[in-house]
Amino acid sequence: MNAKDRLIVALDFDSLKKAEKLVDLLEDDVTTYKVGLQLFTKEGYKSLNMLKKRNKKIFLDLKFHDIPNTVVGAVSSVLEHGVDMLTIHAMGGFDMMESVAKLIWQRRERKNHAPKIFAVTLLTSLDSAFLQDIIGADSRTVEEEVLILAQAARSAGIDGVVASPLEVKMLRKKCGDELLILTPGIRPRGFENADQQRSATPFEAIRDGADYIVVGRPITASENPKKVVKSILKEIRDGLKKT
Ligand code: C5P
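Description of the structure in this document. Remember, predicted model here, so these are calculated numbers, not experimental data. (Residues numbered from 1 in each chain as written. Predicted model: local features only at pLDDT ≥ 70, side-chain atom pairs only at ≥ 80, totals over all residues. Heavy atoms only, no water.)

## Observations regarding the overall build of the chain
Looking only at helices and strands, the chain has twelve helices and eight strands in total. Relative to a compact globule of 243 residues, whose C-alpha radius of gyration would be 18 Å, the chain shows 17 Å and is just as compact. Overall, the chain is about 45 × 40 × 35 Å in size when its C-alpha atoms are taken along their principal axes. Every one of the 243 residues in the chain was classed for burial, and the buried ones make up 51%. Taking contacts inside the chain between residues at least 6 apart in sequence as the whole, the part at least 24 apart equals 69%. Here the chain displays about 11,700 Å² of accessible surface, and carbon together with sulfur accounts for 49% of that area. Side chains of the chain carry 38 positive and 34 negative charges; the gap between the two charge centres is 6 Å. (Helix = DSSP H or I, 4+ residues; strand = E, 2+ residues; numbered from the N terminus. Rg over C-alpha atoms; globule rule 2.2 N^0.38 Å. Buried < 20%, exposed > 50% of the residue type's maximum accessible area, 1.4 Å probe, protein only. Contact = heavy atoms within 4.5 Å. Areas by Shrake-Rupley, 256 points an atom, 1.4 Å probe, with all protein chains shown as cover. Lys, Arg positive; Asp, Glu negative; His and termini not counted. Charge placed at Lys NZ, Arg CZ, Asp CG, Glu CD.)

## Structural notes on the site of the ligand
In the neighbourhood of the ligand, eleven residues make up the surrounding shell, with Asp 12, Lys 34, Thr 124, Arg 187 and Arg 217 lying closest. One of the side-chain nitrogen or oxygen atoms of Thr 124 is found 2.4 Å away from a nitrogen atom of the ligand. Contacts to the ligand include Arg 187, whose side-chain N or O atom sits 2.7 Å from an oxygen atom. In the complex, the protein chains occlude 80% of the 450 Å² of accessible area that the ligand would expose alone. (Near = heavy atom within 4 Å. Polar contact = N/O pair within 3.5 Å; in protein donor to acceptor, adjacent residues only side chain to side chain.)

## Structural notes on the packing of aromatic side chains
Taken as a whole and assessed by the stated rule, the structure comprises three aromatic pairs. On the numbers, 5.1 Å between centres and 90° between planes, the contact of Phe 40 with Tyr 45 is edge-to-face. Under the relative-accessibility criterion, Tyr 45 is labelled partly exposed at 26%. Ring centres of Phe 118 and Tyr 212 lie 6.0 Å apart, and the angle between their planes is 85°; on these two criteria the pair is classed as edge-to-face. On the criterion of sequence distance, the pair formed by Phe 118 in strand E5 (residues 116-120) and Tyr 212 in strand E8 (residues 212-215) is long-range, its members being 94 residues apart. The pair formed by Phe 118 and Tyr 212 is uniform in burial state, with each residue classed as buried. In this structure an aromatic cluster arises from ring pairing among Phe 59, Phe 118 and Tyr 212. Between the NZ or CZ atom of Arg 189 and the centre of the ring of Phe 203, over which it lies, the distance is 5.0 Å. (Phe/Tyr/Trp six-rings, centres within 6.5 Å; stacked < 30°, edge-to-face > 60°. Lys NZ or Arg CZ within 6 Å of the ring centre and 35° of its normal.)

## Digging into the pattern of salt bridges
Inspection of the entire model under this criterion finds 17 salt bridges. When the shortest N-O distance is used, the salt bridge between Glu 27 and Lys 226 registers 2.9 Å. Here the residue Glu 27 occupies a position in the loop between helix H2 (16-26) and strand E2 (32-36), and Lys 226 occupies one in helix H12 (residues 225-241), the gap between them amounting to 199 residues. You can call Glu 27 partly exposed: its relative accessible area is 46%. Note on Lys 226: relative accessible area 23%, which makes it partly exposed. Counted as one network, the salt bridges with shared partners bring together Glu 27, Asp 29, Lys 226 and Lys 230. (Salt bridge = Lys/Arg side-chain N within 4 Å of Asp/Glu carboxyl O.)

## Concerning the packing of helix H5 (residues 68-79) against helix H6 (residues 94-109)
In the contact formed by H5 and H6, the axes pass within 8 Å of each other and the chain directions differ by 30°. Handedness of the crossing formed by H5 with H6: right-handed. Residue-level inspection shows Pro 68, Val 71, Val 72, Val 75, Ser 76 and Leu 79 of H5 in contact with H6, the latter providing Asp 95, Met 96, Ser 99, Val 100, Leu 103, Ile 104 and Arg 107. For the contact of H5 with H6, the class distribution of residues is nine nonpolar, two polar and two charged. (Axes fitted to C-alpha atoms, helices over the stretch in contact; angles between N-to-C directions. Left-handed = near helix turned anticlockwise from the far one by under 90°. Nonpolar A, V, L, I, M, F, W, Y, C, P; charged D, E, K, R; others polar.)

Structure, rendered in structure tokens:
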């Protein structure tokens, strides 16, 4: 995979027009875009069609979390629209993840197009207080919980996980090279701080073993998105040399 294949730009916009404008501005520098809850609930499949028309890859980040039957139904509906990557919640449980994995693997066996499935481990907005107060996992650290969820996803047959940059190194070490790791919470050099607690630079995330990084506001809110993308791609290339 080259540097460009590893960068996913998050189209967290409230209108298709704004998303379209950015995609056109970035031209061939970006090949994969994330459509998340905001754009999808506003514009629906129009947002995916806009990207397909431009031959872009689609990461549909709707983080499905429901009973196995319902999630399998939702994934099946999405499959008709040809997305490349899709998220579910690992906290939806082993049976849910396994049911989705079965559907995907059956399609692959039949040589039908199937997206890579990523299980969200622990949302980066959650911390040890959530584990203690809500889940009741008093003795577990965030890192331990993320590992448990990633291992469950892997044994259920899921392709990869979404985790914060702070867990990437540990996951790569404990789960091996097969597991795909996608990480948000990225702040390019010069953009550090903002509102990201568990964040890292593109260089750090890739060096630590992430396969994909998702970057939103540093690009979307920039005066010069193209320049930011180019410097992120350079950071990714530098990170790849250090893996
Ligand atoms: O913060 P930024 O705009 O780069 O976020 C890009 C995407 O990464 C968002 O769409 C959000 O879903 C995800 N994200 C996350 N955890 C964070 C920050 C952002 O999962 N701490």
